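Structural features, examined
Given next are the chains, with one letter for each unit.
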Amino acid sequence: MTLDALLHECVDSGAQNNAPFVIYTDEDGQLLDTLPVCQDFNRGLCNRPACKFVHLQEGEGVEVVDNRVAVCRDAAKGQCSRSACKYYHIPVALPPAPVMAALSSYRH
Ligand SMILES: [Zn+2]
Ligand SMILES: [Zn+2]
């Protein structure tokens, strides 16, 4: 998939599903340990379709510490065997690291 196609697909998904816009990796394309949670979304105030913070639905059981969630490495690798995981499962398939690095520089 090309970068343009990827971004276009993101735009179609709407404000509630901002997952494709969240910054999951650093500039080198490495997965971050924790992600910031969108404070506006918690109050029902976030209407940014391209919000780069995690939109966390209530009742998912994900532990939030200092307004951040820890990323579940197991889920990111493809399989998490915890029945009630308190770590955040990234809801989209991440492109390979070089693509993520290109994406993050593309947005800057
Ligand atoms: Zn938001
Ligand atoms: Zn997990």
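The rules we used
In this convention, every chain numbers its residues from 1, walking through the sequence in written order. As they are written, the chains are lettered A onward and the ligands numbered 1 onward, keeping that order. Residues qualify for local features only when their pLDDT is at least 70, as the model is predicted, and side-chain atom pairs are given and counted only at 80 or more; totals for whole chains, interfaces and linings, by contrast, use all residues. Each helix corresponds to a stretch of at least 4 residues labelled H or I by DSSP, and each strand to a stretch of at least 2 residues labelled E; elements are numbered beginning at the N terminus. Note on burial: count the other C-beta atoms lying within 10 Å of the residue's C-beta; 20 or more is buried, 12 or fewer is exposed, in between is partly exposed, and C-beta positions come from the backbone. Distance between backbone-placed C-beta atoms decides contact: two residues are in contact if it is within 7 Å. A pair of strands is considered paired only if DSSP assigns at least 2 bridges between the two. UniProt positions are given in the numbering used here, feature names are shortened, and annotations may be inferred rather than shown by experiment. In these notes, a nonpolar core means any group of buried Ala, Val, Leu, Ile, Met, Phe, Trp, Tyr and Cys residues linked to one another through C-beta atoms within 7 Å.

A tally of regular secondary structure across the protein gives four helices and three strands. Reading the helices (α) and strands (β) of the protein from amino to carboxyl end gives α-β-α-β-β-α-α. Taking all 108 residues of the protein together, the buried fraction comes to 14%. For the protein, the proportion of contacts with a sequence separation of at least 24, taken over those separated by at least 6, is 56%.

Pairing within the open sheet is antiparallel, and its three strands lie in the order β1-β3-β2. Taken across any chain shown, the strands that pair with only one partner, and hence form the sheet edges, are β1 (34-36) and β2 (64-65). Judged from the two bridges that link them, β2 and strand β3 (residues 68-70) form a sheet pairing that is antiparallel. Within β3, the position partnered with V65 by the bridge is R68.

Bringing the UniProt feature "domain: C3H1-type" (unreviewed entry) in the protein into the picture now. Annotation from UniProt places "domain: C3H1-type" (unreviewed entry) at residues 32-58 and 66-92. What you have in residues 32-58 is 15% helix and 11% strand, and the ends, taken at the C-alpha atoms, are 22 Å apart.

Once that is clear, we can look at the environment of G61. Along the chain, the position of G61 falls in the loop between α2 (39-42) and β2. In the structure, G61 is positioned 26 residues away from Y87 in sequence and 8.4 Å away in space, judged by C-alpha atoms. The contact partners of G61, leaving out residues within four places of it in the chain, are A84 and K86.

This part is about the nonpolar core. Membership of the largest hydrophobic core is limited to 11 residues, which are F21, V22, Y24, L35, C38, F41, F53, V54, V69, V71 and Y88. If we skip the residues at most four places from it in the chain, C38 touches C46, C51, F53, V54 and H55.

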